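Examining the three-dimensional arrangement
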Amino acid sequence: MTALFDSLLELIRRTSAEIPDDVQAAILNALQAEKKGTIAESAMKIVERNIELAKQKSQPICQDTGSIIFYVDCPVGFDQMKFEEQAKQAVRLATKKGYLRQNSVDSLTGVNDGTNVGPGSPTVHFHQHASPEIKVRLVLKGGGCENVGVQYSLPNEKLQANRDLDGCRKVILDAVLQAQGKGCGPGILGVCIGGDRATGYEFSKHQFLRKLPDRNPTPELDKLEQDILTTANELGIGPMGFGGKTTLLGVKIGAANRLPASYFVSVSYMCWAFRRQGVTLQADGEIEQWLY
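Residues numbered from 1 in each chain as written. Predicted model: local features only at pLDDT ≥ 70, side-chain atom pairs only at ≥ 80, totals over all residues. Heavy atoms only, no water.

1. A short note on the pairing of strand β3 (residues 134-141)
- Most of β3 sits out of view: 7 of its 8 residues are buried.
- Sheet topology note: the strand β1 (residues 67-75)/β3 ladder contains 7 bridges and is antiparallel. Directly across from Ser-67, in β3, lies its bridge partner Lys-141.
- Pairing of β3 with strand β8 (residues 275-281), which is carried by 7 bridges, proceeds in the antiparallel orientation. Paired with Val-139 across the bridge in β8 is Arg-276. (Buried < 20%, exposed > 50% of the residue type's maximum accessible area, 1.4 Å probe, protein only. Helix = DSSP H or I, 4+ residues; strand = E, 2+ residues; numbered from the N terminus. Pairing = 2+ DSSP bridges.)

2. A word on the packing of aromatic side chains
- Within the structure shown, the criterion is met by 4 aromatic pairs.
- With a centroid separation of 6.0 Å and an interplanar angle of 50 degrees, the aromatic rings of Phe-78 and Phe-83 are classed as tilted.
- For Phe-78, a relative accessible area of 19% corresponds to the buried category.
- For Phe-83, a relative accessible area of 0% corresponds to the buried category.
- Relative to Phe-126, the ring of Phe-83 lies with its centre 5.8 Å away and its plane at 80 degrees, an arrangement referred to as edge-to-face. With Phe-83 in helix α4 (residues 80-97) and Phe-126 in strand β2 (residues 123-129), this residue pair connects regions lying 43 residues apart in the sequence.
- Taking the relative accessible area as the measure of exposure, Phe-126 reaches 25% and is therefore partly exposed.
- Through a chain of ring-to-ring contacts, the aromatic side chains of Phe-70, Phe-78, Phe-83 and Phe-126 assemble into a single cluster.
- The side chain of Arg-276 reaches across the aromatic face of Phe-274, ending 4.6 Å from its centre. (Phe/Tyr/Trp six-rings, centres within 6.5 Å; stacked < 30°, edge-to-face > 60°. Lys NZ or Arg CZ within 6 Å of the ring centre and 35° of its normal.)

As structure tokens, this is what we get:
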């Protein structure tokens, strides 16, 4: 075993069992906002208790521990092949220990070999930078919320959505309406305006690495984020679709260049079990700092 392996194993354990502080605070605020004695309040109380038990017992917050997505910021010369091999080994042991459920299957045969390792699992995104810092972030994204992600091509005649920010607003809110309670709400939206079909979804998921209280540095996108969050929470969909004031906990929007012929808006949905954690590593692979 190496220090890197041990660090990745602990990162997986903690990501699976513990909600980050920013998400915990948002959930507690949502609980306080719901009307007393309603189904919405009961649903949020169950969510709160689930979070407490998972942390106490160091067990997965949800039976669907989801797609395993690593984001690695690393210096030039970093051994990416070694990292990926260590990540796969850590996923195997984490699955054996019960930190991850056995829920990655072969798409052609449906066979589950019980390791969570195979083509595309885990997924690792590497980004080289000039800094010597090694930063590893992990997102575990469940299938229920993945199923309600959607991509729009503007203009959209049905929604009267043109190729502008108002058109983007219309389709993002439509995504919320279509999801209703099916994505295990209250949820968090990660959105990309632009890009191609593949990079649009990739960029939208990258938005989940942001902390919930942060503000978008682009004024137009910041305004859109706040508007959609407020409007969505006035729709009355509420936790798990039971009605109430909390449909979304956050909205994070980014933009990517596009071709003139294309205008995609990609919306990724994250459930309340927002499993996102990260660390900075020392050169030997030891954990130096937790990021969330």
